[in-house]
Amino acid sequence: MKTTSVQNKWSWLLVVLSAVALLAFGSTRDSGPRTQADRIDAITKVLACPTCSGESVYVSRASGAEAIRAEVARQIAAGQRSDDDIIAYIEARFGSRVLLVPRSTGLDALIWVLPVFVLVCAVGTLGFAFRRWKVVGSDSISEEDAQLVERALREDR
Amino acid sequence: MFFASGINGALGRAFLLVGIIGSLFGAIAAITSARQRDQAVAKLVPRFAILVFAASLGAFAVMERAMITRDFSLEYVQKVGSYSTPAAYNFAAVWSALEGSILMWVLILAGYTLGVTYWLRKKMDDVLSRYALGVMFIVSMFFFLLSFGPANPFAAGPEGVLDGPGPNPLLQNHLLVMFHPPLLYLGYVGMTVPFAFAIAALITGRLGEGWLLATRRWTLFAWGFLTIGIILGSWWSYEVLGWSGVWAWDPVENASFLPWITATAYIHSVLVQERRGMLRVWNLSLLVATFSLTILGTFLTRSGVVNSVHAFSQSAIGPWLLAFFAVIIIVSVGLIGWRGDRLHSPGSIDSPLSREGAFLANNVLFAVFAFVVLLGTVFPLVVEALQSRTIVVGEPFFDQLTIPIGITMLTIMAIAPVLPWRKASQELLSKRLFWPAWSGVLALAGSVWVGATGLAPLLTFGLGGFAAGSALRQVVLATRRQGLRGLVGRANGGMIVHLGVIIISVALAASNSFTHSQELNLEAGKVASFSGHTFELVDVVEEKTDRATAVKALVKIDGGKAYAPAITKYVLQGMNVGTPSVKTGLAYDVYLTLEPPVRQDENKARIKVFIKPLLLWLWIGGGLMALGTVLAAFPGRRRRNPTSPTSEDDFAADLLVML
């Protein structure tokens, strides 16, 4: 009995170690050079189409989006700027409404803060509930009831 | 004036009027007979249900008739009707704009009311059933009024119109348009049924588990259709919109997804109530949230408010929906407060490491998930209202927040199915999770081997394998014990649904993270290659019909079959619609789009190629979810009658017998 649980412990260690090793290897290795098309896709995914509601330039087929896509492609082909620089350049040219990712300053920061706040509250409430349940504990039965059950069981036999 | 819009207009409005009156009297009959325990009046309720359904069917049929006969005296037909629309799309044109979609809502809601009435036909002497039907009638009346007033599809249009533009070209491009909206509405509107029973249970104070069991299948039915509707919508997006994606987190998509999230949370947490009698307020709140989110979602997407706060005044339907939403919330919260004493449930959850503990954790995540989606949808409104400045909240925001939530959910999904109720010992967990954990490691190793990178996708694949192992373990054990019967019932069918969800998660992670694309300038006779495939332009053809001109590039992939991505120019709307062409495969799809300019040379074409890994598995996973829902709806192994600790409920026992 003892040996199986020890074996189990070792095999669980093996599970955890191999998972961590695979994750570490897989998530840090180089996924190959990024092509220009990859860069265009990555940048246009965080830019909003100026004429549609909430669609990214990557998604949209509207002419406004086509114009931005063409501009991004031109910038990348020129090979001068980094991705962030291109995004900043597009913002400067078309205005901040082409940014698809809300900023993390001012009122806009709320959209990042509120989910975390709600999560903390929810987990906190749950933790509190578990603690209270532990204290109350509905499972304790009285001595009297225990005897009752025992007697009934004996009679059953 | 009544006849100003011709025979169809007059008939349609008459039907709607009958529907309003029928719903009103139905509600009165149901509620007064419930209050006064009057059997004679209660007998009238089914007749009103039939009348209301007949009225809604009549109104819908008149609308279809007007559309099919191209009755351009109606404003709505002028807007979405056209002689050039093919018959099938013309039939679907009825629900291609606001007024018609509200009419479809009316029809489906009246159908549900009739269905519930028929289902309760032998239970009409029960007060709870009458109250529930009363609520259904009230909601029906609201939607009839909406259709009669602010969203009137039978309004007379300007005279002298002989033809219209037809529906949005995007809605006459793929047959899924026929099925996606009705199926989605079956789910969306179906959430009214459990809500009605929840309100009835609150009014009667019979908050034992009876009504929950009674409505379980209705909830599951609605949930299943909502799932299918959402997946068909994604499929439509993939096949029609030409950006190769399935989900863009746009407000309309979010509006359908929000009630799905809360309903999914409910389907899980209700098990805790059935088994342990706990979480009553929470479960009621989830049902209220689900129903009210269908109303709020409709408000957000159909009143024009999401595009801009300033469009608010343009649509008359907005204030109605907002007021109705407020009424639902006030009434529900008031009732829950009023019944607070009876809602208090005895008992406690002993350990977080138990089935019920896992359900609670799952519910916390679902609640946060719903909050994130709702926040992302309405936040631009808040900013615009407070600072009159436009911001856009799009995919990057939703991805950043929902991917961690999704991964945590997968983790719970891996562990929860093996957890026993009450308490789990370490040895038990170690034994039961052993093989599922190894299947997770195997999945991880496999995905690393095929070249997957990135932490989030790898976690998804590994945890997906783990969760699939747990789900399969349950199904295998059950079928070994009971043969094919081990596939049906809530727990086993539920695990099939889980497998579907896991497959979808893996497919989403793969197709979102590892899509790559390339534009190719093709020339006839020259072979271009990308990502191990060759692309050869065969021909560029132009097809003219009276409603549109389509330019198609015939492209041979790997020298085999020719695929034909196209751009169609719709003459009447002056709109260009790209139509992708997809070579489907189990490992990946090759997705081709023809890129503008529209006029293409005879022997030249600019196309874009997307390689979409595992995309087909989204639809397979969706099918599995639907199958699992059906299996879960069948009664499984006979189980003991659930305990109802505070209120004795003969209704439940009776219904169980009836089912």
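Residues numbered from 1 in each chain as written. Chains lettered and ligands numbered in written order. Predicted model: local features only at pLDDT ≥ 70, side-chain atom pairs only at ≥ 80, totals over all residues.

Draft legend 1. Looking closely at the overall build of chain B. Broken down by element type, chain B carries 22 helices and 10 strands. Its C-alpha atoms give chain B principal-axis dimensions of roughly 80 × 75 × 55 Å. Burial analysis of chain B (659 residues in total) assigns 56% to the buried set. At a minimum sequence separation of 6, the contacts of chain B that also span at least 24 residues come to 74%. (Helix = DSSP H or I, 4+ residues; strand = E, 2+ residues; numbered from the N terminus. Buried ≥ 20, exposed ≤ 12 C-beta atoms within 10 Å, placed from the backbone. Contact = placed C-beta atoms within 7 Å.)

Draft legend 2. Quick look at the overall build of chain A. Per the secondary structure count, chain A includes 6 helices and 0 strands. Secondary structure of chain A in N-to-C order comes out as α-α-α-α-α-α. Within chain A, buried positions represent 21% of all 157 residues. Partitioning the contacts of chain A with sequence separation of at least 6, the portion at a separation of at least 24 is 44%.

Draft legend 3. Inspection of the domain arrangement of chain B at higher detail. Each domain of chain B was delimited in the assignment, giving domain 1 (1-167), domain 2 (399-514 + 617-627) and domain 3 (516-613). Just the C-alpha atoms count here: the centres of domain 1 of chain B and domain 2 of chain B sit 43 Å apart. (Domains from an automatic or database assignment.)

Draft legend 4. Examining the environment of Leu592(B) more closely. All names here are of chain B. Inspection of the secondary structure puts Leu592 in strand 9 (residues 588-594). Here Leu592 falls in the buried class, since 24 other C-beta atoms lie within 10 Å of it. Sequence separation of Leu592 and Thr579 is 13 residues, and the distance between their C-alpha atoms is 8.9 Å. If sequence neighbours within four positions are ignored, Leu592 has contacts with Val555, Tyr563, Pro565, Pro580, Ser581, Ile607 and Val609.

Draft legend 5. Molecular detail of unusual backbone geometry. Residues and elements named next belong to chain B. Phi is positive for Trp249, which is not a glycine, with a value near 55°. Relative to the elements of secondary structure, Trp249 occurs in the loop between helix 10 (210-240) and helix 11 (251-276). Its 22 C-beta neighbours within 10 Å are what place Trp249 among the buried residues. Within the chain, Ser531 stands out as a residue other than glycine whose phi angle is a positive 55°. Along the chain, Ser531 falls in the loop between strand 2 (527-530) and strand 3 (533-544).

Draft legend 6. Layout of the interface of chain B and chain A. With 52 residues of chain B at the contact, the number on the chain A side is 45 residues. Among the secondary structure elements, those contributing two or more residues to the side of chain B that touches chain A are helix 15 (355-387), helix 16 (395-415), helix 18 (434-449), helix 19 (455-482) and strand 1 (516-523) of chain B. Across the side of chain B that touches chain A, the residue classes tally to 32 nonpolar, 16 polar and 4 charged. (Nonpolar A, V, L, I, M, F, W, Y, C, P; charged D, E, K, R; others polar.)

Draft legend 7. A look at helix 15 of chain B. Residues and elements named next belong to chain B. Here helix 15 contains 33 residues, and its C-alpha end-to-end distance of 46 Å stays within 8% of the 48 Å for a straight helix at 1.5 Å per residue. The sharpest bend along helix 15 measures roughly 40° and falls at Val378, with the proline Pro380 sitting one to four residues further on. One or two steps after helix 15, the chain reaches Ser388, where phi turns positive at roughly 35°. (Expected span 1.5 Å × (residues − 1). Bend = angle between axes of the 7 residues up to and from the residue.)

Draft legend 8. Fine view of the nonpolar core. Core analysis: the biggest nonpolar cluster contains 247 residues, and Leu47(A), Val106(B), Ala200(B) and Ala507(B) have the highest contact counts within it. Looking at this core, the element that brings in the most residues is helix 10 of chain B, giving 17 residues. Setting aside its immediate chain neighbours within four residues, Val106(B) contacts Gly19(B), Ser56(B), Ala59(B), Phe143(B), Phe144(B) and Ser147(B). (Core = buried A, V, L, I, M, F, W, Y, C linked by C-beta atoms within 7 Å.)

Draft legend 9. Quick look at the environment of Arg422(B). Residues and elements named next belong to chain B. Topologically, Arg422 is positioned in the loop between helix 16 and helix 17 (426-432). A tally of 15 C-beta atoms within 10 Å means that Arg422 is categorised as partly exposed. With sequence-adjacent residues up to four places away left out, Arg422 is seen in contact with Asp350 and Ser354.

Draft legend 10. Seen up close, the sheet that holds strand 1 of chain B. All names here are of chain B. What the 4 strands build is an open sheet, ordered 1-10-9-8; its pairing is antiparallel. At either margin of the open sheet sits one strand with a lone partner, and together these are strand 1 and strand 8 (581-583). Between one strand axis and the next, the sheet turns by 25° as a mean value, whatever way the strands run. Strand direction decides the pairing type here: strand 9 and strand 10 (residues 604-613), joined by 7 bridges, are antiparallel. Within strand 10, the residue paired with Leu592 across the bridge is Val609. (Pairing = 2+ DSSP bridges. Axes fitted to C-alpha atoms, helices over the stretch in contact; angles between N-to-C directions.)

Draft legend 11. Fine view of the pairing of strand 4 (residues 548-557) of chain B. Residue and element names in this part refer to chain B. In terms of strand pairing, strand 3 meets strand 4 through 9 bridges, oriented antiparallel. Within strand 4, the residue paired with Val540 across the bridge is Ala553. The antiparallel hairpin formed by strand 3 and strand 4 contains 3 residues in its connecting segment. Bridge count for strand 4 against strand 6 (residues 566-570) is 5 bridges, and the pairing is antiparallel. Looking at strand 6, one finds that Ala550 is bridged to Thr568. The sheet contact formed by strand 4 and strand 5 (residues 562-563) spans 2 bridges and is antiparallel. Each residue of the ladder has a partner; that of Lys556, found in strand 5, is Ala562. The antiparallel pairing of strand 4 with strand 5 creates a hairpin that spans 4 residues between the two strands, and Asp558 there sits at a positive phi of about 50°.

Draft legend 12. Fine view of the environment of Ser27(A). If you trace the backbone, Ser27(A) turns up in helix 1 (residues 2-28). The spatial distance from the C-alpha of Ser27(A) to the C-alpha of Ala70(A) is 32 Å, given a sequence separation of 43 residues. Beyond its immediate sequence surroundings of up to four residues, Ser27(A) is in contact with Thr453(B), Gly454(B), Leu455(B) and Leu458(B).

Draft legend 13. Molecular detail of the packing of helix 3 (residues 45-68) of chain B against helix 6 (residues 98-119) of chain B. All names here are of chain B. Relative orientation of the contacting elements helix 3 and helix 6 amounts to 155°, with a least axis distance of 9 Å. With respect to helix 6, the element helix 3 is oriented roughly antiparallel. For the element pair helix 3 and helix 6, the recorded crossing hand is left-handed. Two secondary-structure elements touch here, helix 3 through Val45, Pro46, Ala49, Ile50, Val52, Phe53, Ser56, Leu57, Ala59, Phe60 and Met63 and helix 6 through Gly100, Leu103, Val106, Leu107, Ala110, Gly111, Thr113, Leu114 and Thr117. The residue makeup of the contact of helix 3 with helix 6, split by class, is 15 nonpolar, 5 polar and no charged. (Parallel < 35°, antiparallel > 145°, perpendicular 65-115°, else oblique. Left-handed = near helix turned anticlockwise from the far one by under 90°.)

Draft legend 14. Inspection of the confidence of the model for chain B at higher detail. Residues and elements named next belong to chain B. Taken over all residues, the pLDDT of chain B has a mean of 88, while the share at 70 or more is 93%. Here helix 22 (residues 650-658) is the element of chain B with the lowest mean pLDDT, 43, and helix 3 is the one with the highest, 96. Residue range residues 639-659 is modelled with pLDDT below 50. Its contacts to residues more than four positions away, or to other chains, number 36 contacts. Note on the complex model: pTM 0.90, ipTM 0.83. (pLDDT = per-residue confidence, 0-100.)

Draft legend 15. Representation of the packing of helix 11 of chain B against helix 15 of chain B within the structure. Residues and elements named next belong to chain B. Look at helix 11 against helix 15: their axes get within 9 Å of each other, and the N-to-C directions meet at 160°. Compared by their axis directions, helix 11 and helix 15 come out roughly antiparallel. Considering the relative orientation of helix 11 and helix 15, their crossing is left-handed. Considered class by class, the residues forming the contact of helix 11 with helix 15 number 14 nonpolar, 8 polar and 2 charged.

Draft legend 16. Representation of helix 4 (residues 83-94) of chain A within the structure. All names here are of chain A. In a regular helix each residue adds 1.5 Å, so 12 residues correspond to 16 Å; helix 4 covers 16 Å between its end C-alpha atoms and thus fits that length. Buried residues along helix 4 sit in contact with helix 2 (36-45) and helix 3 (63-78). Positive phi shows up at Gly95, right after helix 4, with a value of about 95°.

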